4 protein chains.
Amino acid sequence: MAIDLRSDNVAPVAREIMAAIAEANHGPAAAYGADDWTGLLQERFSLLFETPVTVLPTLTGTAANALSLSLMAPPFGAVYCAQGAHVDLAECGAGEFFTGGAKLVPLEAEHGRLSPEALERALAGAGRGDSHRVQPAALSLTQATERGTVYPLDRLRSLTAIARREGLRVHMDGARLANAVATLGCSPADATWRAGIDVLSFGATKNGAMCADAVVVFDPALAGELRYRAQRAGQILSKMRFLSCQLLAAVADGLWLRLARDANRAARRLADGLAGIDGVEIVHPVEINQVFARLPGAMRERLERGGVVLYPPAGGVTRLVTAFDTASADIDRVLAEAAP
Amino acid sequence: MAIDLRSDNVAPVAREIMAAIAEANHGPAAAYGADDWTGLLQERFSLLFETPVTVLPTLTGTAANALSLSLMAPPFGAVYCAQGAHVDLAECGAGEFFTGGAKLVPLEAEHGRLSPEALERALAGAGRGDSHRVQPAALSLTQATERGTVYPLDRLRSLTAIARREGLRVHMDGARLANAVATLGCSPADATWRAGIDVLSFGATKNGAMCADAVVVFDPALAGELRYRAQRAGQILSKMRFLSCQLLAAVADGLWLRLARDANRAARRLADGLAGIDGVEIVHPVEINQVFARLPGAMRERLERGGVVLYPPAGGVTRLVTAFDTASADIDRVLAEAAP
Amino acid sequence: MAIDLRSDNVAPVAREIMAAIAEANHGPAAAYGADDWTGLLQERFSLLFETPVTVLPTLTGTAANALSLSLMAPPFGAVYCAQGAHVDLAECGAGEFFTGGAKLVPLEAEHGRLSPEALERALAGAGRGDSHRVQPAALSLTQATERGTVYPLDRLRSLTAIARREGLRVHMDGARLANAVATLGCSPADATWRAGIDVLSFGATKNGAMCADAVVVFDPALAGELRYRAQRAGQILSKMRFLSCQLLAAVADGLWLRLARDANRAARRLADGLAGIDGVEIVHPVEINQVFARLPGAMRERLERGGVVLYPPAGGVTRLVTAFDTASADIDRVLAEAAP
Amino acid sequence: MAIDLRSDNVAPVAREIMAAIAEANHGPAAAYGADDWTGLLQERFSLLFETPVTVLPTLTGTAANALSLSLMAPPFGAVYCAQGAHVDLAECGAGEFFTGGAKLVPLEAEHGRLSPEALERALAGAGRGDSHRVQPAALSLTQATERGTVYPLDRLRSLTAIARREGLRVHMDGARLANAVATLGCSPADATWRAGIDVLSFGATKNGAMCADAVVVFDPALAGELRYRAQRAGQILSKMRFLSCQLLAAVADGLWLRLARDANRAARRLADGLAGIDGVEIVHPVEINQVFARLPGAMRERLERGGVVLYPPAGGVTRLVTAFDTASADIDRVLAEAAP
């Protein structure tokens, strides 16, 4: 059978989450989030994050991101992000759509991580108060980053401190927050609002859920518009219990972190193995479930023939992504195929 | 146990559809619709509608409607619909959002059904070519209607003939298309494109699915933009197989029509029973799974005490909605509670 | 020579305003409103309205209206207005465009005037807090109305009191505010913010200017976004002095009211004359510079042959509009041609 | 008296254009562009460009640019432009607003000029057909550029040939087209549609007009939506004759080119003079009416004291802009003040 390392969203649904869905399927339940699961979700996430939050399940991560940005940036606003950020490059303009035309401004980044210096420079030249220029409104940080790295907490805090000083709101694209928290070994609160995050896209789909991400609002002042914006975006599921139960299952007994740790561990094993093969260059630090590597052409052919499914390289770099269900045996097979 | 007649979206997921979801949950599958289920979906829906169609699973009916309209109406366009249409009144402005600001123009309707005369009148006064006025672009028809009635095919054809003559595109909001087709006893093709429909919102969620509606495009000229617009709306599920499998299960062996017939039959039984009780007035013909009735206040109280859950009346009228899983025994219990 | 009664915007520019433009045309001046004329404009309008205001010259009344609404209504908002309001029917969806898709909700009106009862009814059924529904955000009142009538101050105050109670902001479309104030004989302050108006579209173009309307913001809390929204709408003229000088000239020595009184007087004379002719029906009270009348077909033909230019009737009703430069002799000639 | 070199939009209105405005101010004229001036404008511009064009006067260059882009790029489109392009950086997001959220993609440029290589590279990596990515839709070229340079015709043709091959539409931001054509010495047709331009923003305001730019559509297939989009943007002036007469005067007897040549000549004189002063570095070729120079701090102080008005330097570079009315004596005075 093929081993698919294209992305963590090719994976199936984790057993515990599928069970939760099946269990939610009994009798009638109030529609549009007035059900018990969604009610409980507010409590559980507030406990998880050690502060009262507003949580709205969305159907995709793109929706969570774009809705989040729409709470922070006016149509004439600028949203700063790292070069290569998903919100800028991989959502077909969802951020622009949901905000009514705000501008995503990509800034130089190293290994996917924005530096405080780059942010300072951008803000210094932003033309605040000059109506010819879009106005600094928000900062969007991806944690873990699009290059498979993780912002250390002090870096996060430096960035959000600048943002706060300049009146910017801060969004975290947490499509792979679980993988980052697993790596950081900190609490979800430390990883988010205590580090200065106002609104979080909480990803579950890439981590074993079927179709459940969420907007988590830490600053109550930003929560008021969320539901209306979500409704007009077609993101309020009528049978919302089936989303909420996925998120509840994800955070029950630390499942989300267990799944993420399994995925991270597989990537570590993969990276270590590949690094030992002649001609392979690992191009970014491997801190979550992704390995970015330059692979010799012959190796890519061997892998393909051996049933390892990969996306084509971009700029010569192949991204290999493990998931919660990637077994050590799978990695060993990949490495065996990779070996010359 | 309570009997919930608030809406058909309080119902759980039909057994067959839940089984299809569980079955889809094996091994990896290509993301974003490159999977086998979604591929098969194009074929099955093309067979079902007896013509090649483009079908895109969406996560809500609102998304299906708003995406459909965005394929038809420019930002300066007018979209005609019946007074009380869901696209105008119950989607928090999704149509305006997705089209970039087109205007929904509600027209007088009787029992939820638009008349050719009302449409002709509106078009005659629309100011075509006058740049002060939004320009006629599309007609949106709800089948079955928001008042629980069904457009006969000849009425549909009269309306769409006017639209075509005037250069308007035609959308059908088929959130309850199954219920309408069950009532009409015609083929899905006769109910849609053969009656002049260009784009269809195919509803499954209210009819036993978990979270699966779809945009079905009959006119290939309109299909090109669909995927991009859906992506930027956060409507392209990464694990799309879990949507497509629901739609496949719905149309396999006529399940969607069986479920709809069951729901319709329950409403019929309910309406007949209520009509026989003094003081009850059925205000719209009962042609699908909805009963609109004026109920004496005392009766509403008895029902509530008896565990029958209803939304508050609107303008004195209570809407009672049955679902695929409403048993005859449930209806009999409702009627028993209703009786003075 | 033809007498053109199609609209007050077919008129040329008043002598005093043309002189002000010529006078502004000396030497360089800072661009984008940093010039002296625009600076002075803030002062003069603050004096005129007896309160500090923010005033931004715009190039059209449509822009003034749509910018005003964009300060008040979120994309998921509802803006209430009278049936037939210019913002709803004659601006090709500018309100929807500038607000990002808010919904204009036309309410029943008599002679163009909204009633407190109609507003109360609409708000009672608006579904506040229900995310399926767009949320009440603003009230837009046209003064003078699109039917040539004027809201008495107490009616204005009743309407804005309801709005305030319900948390709605209030916009006044004052494309013909001068004509209304001339009729009311009150102060500009009494006609606007003292009657509960938050943001005003101040019209000058229909009253002798070349291309100068303005957004006048009374509530400072609403002013912050104005300039950015105007810039991105292409409404910030680089040589803004040429707009500001028109507005300064308009309000210098009460010119705007003199011009408006002349136009109103001509309409009065026209209405009185027409009313005395058999077969003519004046359909709305004539309170400003507009006469709405049913004219016998033969009379329309005589007028046309006699060089009186009119728009075609709408629903059988002809609108005759006088301007600041309509002479009594012109009216007498019209009446002579009209007479059988 | 001060000599203001901040921009060409600090200049007054050219005598001939002011005269045309005064002359247009007689008697009534049909509103919204049905007047004789606007009718004539279509003819004159068609003659000027040697092909039938649709020309719509707009009130600002930003509006002309943003309307142009909205004819070319869908909401999910990408518009390529040079780094530092006015449409990207100096219009507060107007392009995003008018297109409904398309993405402006700035590409590396030298002296403001895009290279065919940069465009090819961008298109090669654009992800055409991948719905995660905004889709290549248009190319926007500024002629003359924001750095005071001019695209040679063969460079223009190379760029538009790539665009055409890839299905992109081409826009020219001609805010200073007159200055470029004066430099190129070619016909307006050669400078635009014969070089592959589909839609042109024709600037007049920076070149002696009061408030008149225009969208000029060369490809009739793109003209249909223009008027509606302009109306809903508040860009259709009711007394449009006063815009059209400015444009007519501008192109009568080659006035626009005479004015541009005067401005260009003054910049040439200024650049030559500055280049001879120790410590001055001219950073871009001076091909129109703009000089970009690094000036010693002491020189800036002398200039300021001497009544020469300049914007603050950006990145150490001062932009000095001459206008149609900058006299040789003005330049000589500037140079005298500049000399150590």
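Described in the following lines is the structure provided in the data block.

**A word on the sheet that holds strand β3 (residues 77-82) of chain B**
Residues and elements named next belong to chain B.
No. 1: Read across the open sheet, the seven strands follow the order β2-β10-β9-β8-β7-β3-β4; overall the sheet is mixed. Edge positions in the sheet fall to β2 (54-58) and β4 (103-107), since each of these pairs with one other strand and no more. Averaged over all adjacent pairs, the angle separating strand axes in this sheet is 20°, with direction ignored.
No. 2: Most of the contacts of helix α3 (residues 61-70) go to strand β10 (residues 213-217), to which it runs at about 20°, and overall it touches β2, β3, β4, β7 (135-142), β8 (169-174), β9 (199-203) and β10.
No. 3: Contacts between helix α7 (residues 153-165) and the sheet are confined to β7 and β8, with β7 contributing the most and set at about 165° to the helix.

**Observations regarding the relation of the copies chain A and chain D**
No. 1: Rotating chain A by 180° and moving it 0.0 Å along the rotation axis overlays it on chain D with an RMSD of 0.0 Å. In the structure described here, the two chain copies are related by an operation that fits a two-fold rotation axis. Every residue of chain A has its C-alpha some distance from the rotation axis, and the shortest such distance is that of G101(A), at 2.4 Å.

**Concerning the environment of L5(C)**
All names here are of chain C.
No. 1: Looking at where L5 falls in the secondary structure, it is placed in the loop between β1 (3-4) and α1 (15-24).
No. 2: By relative accessible area, which is 0% here, L5 ends up buried.
No. 3: Separated by 304 residues in the primary sequence, L5 and V309 place their C-alpha atoms 5.8 Å from one another.
No. 4: Apart from the residues lying within four places of it in its own chain, the contact partners of L5 are L270, V308, V309, L310, R319, L320, V321, T322 and V334.

**A look at the packing of helix α2 (residues 36-49) of chain D against helix α11 (residues 241-251) of chain D**
All names here are of chain D.
No. 1: The N-to-C vectors of α2 and α11 enclose an angle of 30°; their axes lie 9 Å apart at closest approach. Classified by the angle their axes make, α2 and α11 are roughly parallel. The crossing of α2 and α11 is left-handed. Residues W37, T38, L40, L41, R44, F45 and L48 of α2 pack against R241, S244, C245, L247, L248 and V251 of α11.
No. 2: Looking at side-chain class alone, the contact of α2 with α11 contains nine nonpolar, two polar and two charged residues.

**Things to note about the relation of the copies chain A and chain B**
No. 1: Placing chain A over chain B gives an RMSD of 0.0 Å and needs a rotation angle of 180°, together with 0.0 Å of translation along the axis.
No. 2: Taken together, the interface assignments show that 100% of the residues at the interface of chain A recur at the interface of chain B, consistent with an identical surface on both copies.

**Structural notes on the interface of chain A and chain D**
No. 1: Every contact between the two is made by 15 residues of chain A and, on the other side, 15 residues of chain D.
No. 2: Here chain A is connected to chain D by four salt bridges.
No. 3: If you look at where chain A meets chain D, you find 10 residue pairs in polar contact (both at pLDDT 80 or more).
No. 4: A class-by-class count of the residues in the side of chain A that touches chain D yields six nonpolar, four polar and five charged.

**Examining the interface of chain A and chain B**
No. 1: The interface of chain A with chain B comprises 47 residues on the first partner and 47 residues on the second.
No. 2: Roughly 4000 Å² of surface becomes buried between chain A and chain B when both sides are summed, with 61% attributable to carbon and sulfur atoms.
No. 3: The largest per-residue losses of area from chain A upon contact with chain B belong to F97(A), R232(A) and K239(A), which jointly make up 19% of the total buried on that side.
No. 4: Taken together, the links from chain A to chain B amount to zero salt bridges.
No. 5: Summed over the shared surface of chain A and chain B, the number is 28 residue pairs in polar contact (both at pLDDT 80 or more).
No. 6: Put simply, the parts of the chain that give the side of chain A that touches chain B at least two residues each are α1 (15-24), α3 (61-70), α5 (94-99), α10 (226-232) and α11 (241-251) of chain A.
No. 7: Residue composition of the side of chain A that touches chain B, by class: 27 nonpolar, 12 polar and eight charged.

**Side note on the pairing of β8(B)**
Residue and element names in this part refer to chain B.
No. 1: Summarising burial for β8: five of the six residues are buried, a large majority.
No. 2: Inspection of the sheet shows β7 paired to β8 by five bridges, in the parallel sense. Paired with S140 across the bridge in β8 is H171.
No. 3: In terms of handedness, the path from β7 via α7 over to β8 forms a crossover that is right-handed.

What counts, and where the lines are drawn
- Per-chain numbering applies: the sequence of each chain, read as written, is numbered from 1 onward.
- Written order determines the labels here, with chains lettered from A and ligands numbered from 1.
- Restriction of local features to residues with pLDDT of at least 70 applies here, the model being predicted, together with a cutoff of 80 or more for giving and counting side-chain atom pairs; totals for whole chains, interfaces and linings are based on all residues.
- The side-chain figures draw on all heavy atoms in the structure; neither hydrogens nor water molecules are used.
- Criterion used throughout: strands pair if DSSP finds at least two bridges between them.
- Put simply, DSSP H or I for four residues or longer makes a helix, DSSP E for two residues or longer makes a strand, and each gets a number counted from the N terminus.
- Lines are fitted to the C-alpha atoms to define the axes, a helix being fitted only along its stretch in contact, and any angle between axes, read from their N-to-C directions, falls within 0 to 180 degrees.
- Residues are treated as being in contact if the distance between any of their heavy atoms lies within 4.5 Å.
- The superposition of copies rests on a least-squares fit of C-alpha positions from residues with pLDDT of 70 or more in both.
- Between buried and exposed lies partly exposed: a residue is buried under 20% and exposed over 50% of the maximum accessible area for its type, with that area taken using a 1.4 Å probe on protein chains only.
- For classification, angles of less than 35 degrees are called roughly parallel, those exceeding 145 degrees roughly antiparallel, those between 65 and 115 degrees roughly perpendicular, and all remaining angles oblique.
- When the near helix sits turned anticlockwise from the far one by under a right angle, the crossing is termed left-handed; a clockwise turn instead gives a right-handed crossing.
- Each residue is assigned to one of three groups, with Ala, Val, Leu, Ile, Met, Phe, Trp, Tyr, Cys and Pro labelled nonpolar, Asp, Glu, Lys and Arg labelled charged, and all others, Gly among them, labelled polar.
- Here, a salt bridge means any side-chain nitrogen of Lys or Arg that lies within 4 Å of a carboxyl oxygen of Asp or Glu.
- For the purposes of these results, a polar contact is taken to be a pair of N or O atoms within 3.5 Å, where, inside protein, one atom must be able to donate a hydrogen and its partner to accept one; residues adjacent in sequence count only when each atom of the pair is a side-chain atom.
- Here the buried area means the combined drop in accessible surface, using a 1.4 Å probe, for two parts upon being joined, counting both sides.
- The handedness of a crossover follows from its direction of travel: if, with the strands pointing away from the viewer, the path from the first strand over the helix to the second runs clockwise, the crossover is right-handed.

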